[in-house]
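Here is what each chain is made of, one letter per residue.
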Amino acid sequence: MNVLELHYDVPGDDFTRAGEASSAIKNKLKQMGISPDVIRNIAIATYEGEINMVIHANGGTIDVFVGADAITMMLKDTGAGIPDTELAMREGYTTAKEEIRSLGFGAGMGLPNMKKYTDEFELKSEVGVGTQVTMKVYLNK
Amino acid sequence: MTIGDIAKLLDCEVLCCEDKLQNEVHTACGSDMMSDVLAFVKDQAVLLTGLLNPQVVRTAEMMDIICIVFVRGKKPDEAVVQLAGQKNIVILSTKSRMFEACGILYDSGLRGGESASPVGGAD
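All values reported here derive from a predicted model rather than from experimental measurement.

(A) Fine view of the layout of surface pockets. Residues and elements named next belong to chain A. Considering only enclosed or pocket space, the largest pocket measures out at about 760 Å³ in volume. The wall of the largest pocket is formed by 39 residues, among which N52, H56, I82, T95 and L111 lie closest to the centre. If you list the elements that add at least two residues to the lining of the largest pocket, you get α2 (36–56), β3 (70–77), α3 (85–88), α4 (98–101), α5 (110–116) and β5 (130–138). Counted by class, the lining of the largest pocket contains 21 nonpolar, 12 polar and six charged residues.

Rendered as structure tokens:
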């Protein structure tokens, strides 16, 4: 059973606002007294996902489920989808345009970072339908 | 080293959170690629960058970075400074270039912290 469930809509039309949902999630977890290391890992993984949604998929949704043993983040979008998820997971691989790179993103580290900072990571994507990333961070390691 | 020491060493203008200059900094990271910054976890870190958009502050917030130094005399616009103020992140601006600023801080004993990943080049 989940102690708390959070839902955020991520707008896709404003890069300057990207990260607001991750910031809100971070603050909420801080208020709950979750350990700072766990919060940081969740914040980074969620932020990378949020940035990806804005860059590649015109926004999406983030749902966070806080359970007794773990926190699960589910990120969904209805963007173009990823044709080759194995390739997308490779460090340094990116399809981001130069404009995004000039903003400091699109180094091909987003998905690898999300996997690196979480205990469980699952990427599902279908071209023309969208992408879903489910990540879990354990609370008692 | 404190944030105040960094401000002195790099002859910085303090743009926000002047009341936090006594806070200790343990590690530093210099990069214009936020994805690279996000690949490294460091405690009580300072970020040196030439990038001015709000995502620099957002990235710092996610990483618990406590100070951002904008190099080459760059200053972010007021909205970015305000956002940093809300997050209690000190904003400094130095005329030094990235390489020079990093060199001065390294020479004064500040190090890059964890950098085990072969990918990134954030330091």
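That covers the picture; the talk isn't over yet.
(B) Examining empty space enclosed by the protein more closely. Residues and elements named next belong to chain B. Going through the model one piece at a time under the given rule, you end up with one cavity of 30 Å³ or more. Lining the largest cavity, in full, are C29, V37, F40, K42, A45, M63 and I65. Of the residues that constitute the lining of the largest cavity, the class distribution is six nonpolar, no polar and one charged.

(C) Quick peek at the sheet that holds strand β2 (residues 59–67) of chain A. Residue and element names in this part refer to chain A. Strand order in the open sheet made by the five strands is β1-β2-β3-β5-β4, with antiparallel pairing throughout. The open sheet has two edge strands, β1 (2–11) and β4 (120–126), and neither has a second partner. Averaged over all pairs of adjacent strands, the angle between their axes in this sheet comes to 10°, without regard to strand direction. Across seven bridges, β4 lies against β5 in antiparallel orientation. Counted as the bridge partner of E120 is K136 from β5. Against the sheet, helix α1 (residues 20–31) makes contact with β1, β2 and β3, and its axis sits at roughly 160° relative to β1, the strand it touches most. The strands that α2 touches are β1, β2, β3 and β5; relative to β3, the one it contacts most, it runs at about 5°.

(D) Examining the pattern of salt bridges more closely. On inspection of all chains with the given rule, the structure shows nine salt bridges over all chains. Across the pair E20 of chain A and R17 of chain A runs a salt bridge whose closest N-O atoms are separated by 3.1 Å. Linked through salt bridges whose partners overlap, the residues forming this network are R17 and E20 of chain A together with R58, E61 and K87 of chain B.

(E) Seen up close, helix α3 (residues 54–63) of chain B. The buried fraction of α3 of chain B amounts to 10 of the 10 residues, a majority that puts the element mostly inside the structure. For α3 of chain B, the full list of buried residues reads P54, Q55, V56, V57, R58, T59, A60, E61, M62 and M63 of chain B. In this structure, the buried residues of α3 of chain B make contact with α1 and α2 of chain A together with α2 (34–37), β3 (45–49), β4 (67–70) and α4 (78–86) of chain B. Here α3 of chain B starts with a cap whose side-chain oxygen sits 2.8 Å from the backbone nitrogen of Q55 of chain B, and that cap is N53 of chain B. At the C-terminal side of α3 of chain B, D64 of chain B shows a positive phi close to 60°.

(F) Fine view of the side chain of K20 of chain B. Positionally, K20 of chain B belongs in the loop between β1 (13–16) and β2 (27–30). Among all residues touching K20 of chain B, those that are not within four sequence positions of it are I3, N88 and V90 of chain B.

(G) Representation of the sheet that holds β1 of chain B within the structure. Residue and element names in this part refer to chain B. If you walk across this open sheet you meet the five strands as β1-β5-β4-β3-β2, and the pairing is mixed. Each edge of the sheet is formed by a strand with only one pairing partner; in this case those strands are β1 and β2. Taking each pair of neighbouring strands and ignoring which way they run, the sheet shows an average axis angle of 25°. Sitting on the sheet, helix α5 (residues 98–107) is in contact with β2 and β3, with an inclination near 155° to β3.

(H) Just the interface of chain B and chain A, in detail. The partner chain A presents 27 residues to the 23 residues of chain B that form the contact. Buried surface at the junction of chain B and chain A, both sides included, amounts to about 2,100 Å², of which 53% is carbon and sulfur. Its largest share of buried area at the contact with chain A, chain B owes to L38, Q55 and M62 of chain B, together 30% of the area lost on that side. Run the count over chain B and chain A and you get three salt bridges. Along the contact surface separating chain B from chain A lie 16 residue pairs in polar contact (both at pLDDT 80 or more). Only α2 and α3 of chain B provide two or more residues apiece to the side of chain B that touches chain A. Per element, the largest residue contribution to the side of chain B that touches chain A is seven residues, and it comes from α3 of chain B. For the side of chain B that touches chain A, the class distribution of residues is 11 nonpolar, four polar and eight charged.

(I) Layout of the packing of α2 of chain A against α3 of chain B. Across the interface, α2 of chain A lies against α3 of chain B with an axial gap of 8 Å and an inter-helix angle of 150°. Classified by the interaxial angle, the pair formed by α2 of chain A and α3 of chain B is roughly antiparallel. On the side of α2 of chain A, the interface is formed by R40, A43, I44, Y47 and I51 of chain A, while α3 of chain B contributes Q55, R58, T59, M62 and M63 of chain B. Of the residues in the contact of α2 of chain A with α3 of chain B, the class split is six nonpolar, two polar and two charged.

Rules used in this analysis
Residues numbered from 1 in each chain as written. Chains lettered and ligands numbered in written order. Predicted model: local features only at pLDDT ≥ 70, side-chain atom pairs only at ≥ 80, totals over all residues. Heavy atoms only, no water. 1 Å grid on protein atoms, 1.4 Å probe; cavity = no way out; pocket = protein on both sides within 12 Å on 5 of 7 lines; lining within 4 Å. Points joined across faces, edges and corners; volume = space filled by probe spheres on them. Helix = DSSP H or I, 4+ residues; strand = E, 2+ residues; numbered from the N terminus. Nonpolar A, V, L, I, M, F, W, Y, C, P; charged D, E, K, R; others polar. Pairing = 2+ DSSP bridges. Axes fitted to C-alpha atoms, helices over the stretch in contact; angles between N-to-C directions. Contact = heavy atoms within 4.5 Å. Salt bridge = Lys/Arg side-chain N within 4 Å of Asp/Glu carboxyl O. Buried < 20%, exposed > 50% of the residue type's maximum accessible area, 1.4 Å probe, protein only. Polar contact = N/O pair within 3.5 Å; in protein donor to acceptor, adjacent residues only side chain to side chain. Buried area = accessible area lost by both parts, 1.4 Å probe. Parallel < 35°, antiparallel > 145°, perpendicular 65-115°, else oblique.

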